[in-house]
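Secondary and tertiary structure notes
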Amino acid sequence: MKFWTKFSSSGLTDSLSSPLYIEGEAVRLRHPVQTDTKSMVEQTQNMQNGIAAPRVVVVVCLLKGKKVLLGRRRSSIGDSKFSLPSGHLEFGESFEECAARELKEETDLDIKNIELLTVTNHVFLEETKPCHYVAIVTRAVLADEDQEPRNMEPNMCDGWDWYEWDNLPKPLFWPLEKAVQTGFNPFRP
Ligand code: IPR
Ligand code: MG
């Protein structure tokens, strides 16, 4: 069953049975949401068969001794926040493949012993760019302990460094912040 939500230029007119029109086109949503027309235009950038869809990202807790690798983001999403290396899951990829690829792309590091730890759900409909992400949180270690991270995407990140889990920098980017709030600890066996 498909739900529809109708918007007017003045904002939300909530109805499960009315279409949402953005620039003349009807857009299907599975749930009515509280936001305005401009936000909806942004939100519906990720469409699958005409339905606004969540995206999947894989984040990696790369552990070295008592430290974890973090970088300060440069991005319209989470700008200036400290983030685990992360990236969007590509079609056909396993979580482990995505983790290894993203680490290589962003830090030039090779990793091993990639394990799934937890999943976090992030729904931000009130942001300038509303979005919905499911974050697959993994853990890994360096394939070669002597490797050092390189900032491979300086337009996306200020640089990578190792931080003590008990003394994380602030502010943290959502996936890590949410995990920490729930008592998550990647160092637990
Ligand atoms: P990419 O795929 O560009 O590495 O994604 P990202 O690191 O900017 O974003 C993934 C995190 C989500 C939660 C925005
Ligand atoms: Mg990334």
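Shown above is the structure to which this text applies.
As the structure is a computational prediction, the values presented were derived from the model and not from experiment.

**Some remarks on the overall build of the chain**
- Helix and strand counts for the chain come out as three helices and 13 strands.
- Buried positions account for 42% of the 189 residues belonging to the chain.
- Here the contacts in the chain between residues at least 6 apart in sequence split such that 60% fall between residues at least 24 apart.
- Of the roughly 10500 Å² of accessible surface on the chain, a fraction of 49% belongs to carbon and sulfur atoms.

**A word on the coordination of the magnesium ion (ligand 2)**
- Surrounding the magnesium ion (ligand 2) are the protein donor atoms Ser86 (O) and Glu106 (OE), which sit 2.1 to 2.2 Å from the metal. With a gap of 20 residues between them, Ser86 in strand S10 (residues 86-88) and Glu106 in helix H2 (residues 95-107) connect regions that are remote in the sequence. Per residue, the accessibility class of Ser86 equals that of Glu106, and both read buried.

**Some points on the pairing of strand S7 (residues 55-64)**
- Summarising burial for S7: seven of the ten residues are buried, a large majority.
- Bridge analysis of S7 against strand S12 (residues 131-142) gives nine bridges, and the strand direction is parallel. Residue pairing across strands places Val59 opposite Val137, the latter belonging to S12.
- Examined bridge by bridge, S7 and S10 share three bridges and lie antiparallel to one another. Bridging across to S10, Val59 finds its partner in Ser86.
- Inspection of the sheet shows S7 paired to strand S8 (residues 67-73) by two bridges, in the antiparallel sense. Each bridged residue has a counterpart across the sheet, and for Leu63 the counterpart in S8 is Val68.
- Between the antiparallel neighbours S7 and S8 lie two residues, among them Gly65 with a positive phi of about 60°.

**Things to note about unusual backbone geometry**
- Following Lys170, the chain continues into Pro171 via a peptide bond in cis, with omega recorded as 0°.
- Inspection of the secondary structure assignment puts Pro171 in the loop between strand S13 (157-164) and helix H3 (174-181).
- One non-glycine residue, Ser80, lies in positive phi territory at about 75°.
- Structurally, the position occupied by Ser80 is in the loop between S8 and strand S9 (82-83).

**Details of the site of ligand 1**
- Close to ligand 1 lie Val57, Arg73, Ser86, Gly87, His88, Glu102, Glu106, Tyr133, Phe173 and Trp174, which account for all nearby residues.
- Contact between ligand 1 and His88: an oxygen atom at 2.7 Å from a side-chain N or O atom of the residue.
- Here Glu106 contributes a side-chain N or O atom positioned 2.9 Å from an oxygen atom of ligand 1.
- Summarising the interface, the protein chains cover 84% of the accessible area of ligand 1, which totals 400 Å² for the free molecule.
- Listing elements by their share of the shell around ligand 1, those giving two or more residues are S10 and H2.
- Among the residues forming the shell around ligand 1, the class breakdown is four nonpolar, three polar and three charged.

Rules used in this analysis
Residues numbered from 1 in each chain as written. Chains lettered and ligands numbered in written order. Predicted model: local features only at pLDDT ≥ 70, side-chain atom pairs only at ≥ 80, totals over all residues. Heavy atoms only, no water. Helix = DSSP H or I, 4+ residues; strand = E, 2+ residues; numbered from the N terminus. Buried < 20%, exposed > 50% of the residue type's maximum accessible area, 1.4 Å probe, protein only. Contact = heavy atoms within 4.5 Å. Areas by Shrake-Rupley, 256 points an atom, 1.4 Å probe, with all protein chains shown as cover. Donors = N, O, S within 2.8 Å, 3.2 Å for Na, K, Ca; no water. Pairing = 2+ DSSP bridges. Near = heavy atom within 4 Å. Polar contact = N/O pair within 3.5 Å; in protein donor to acceptor, adjacent residues only side chain to side chain. Nonpolar A, V, L, I, M, F, W, Y, C, P; charged D, E, K, R; others polar.

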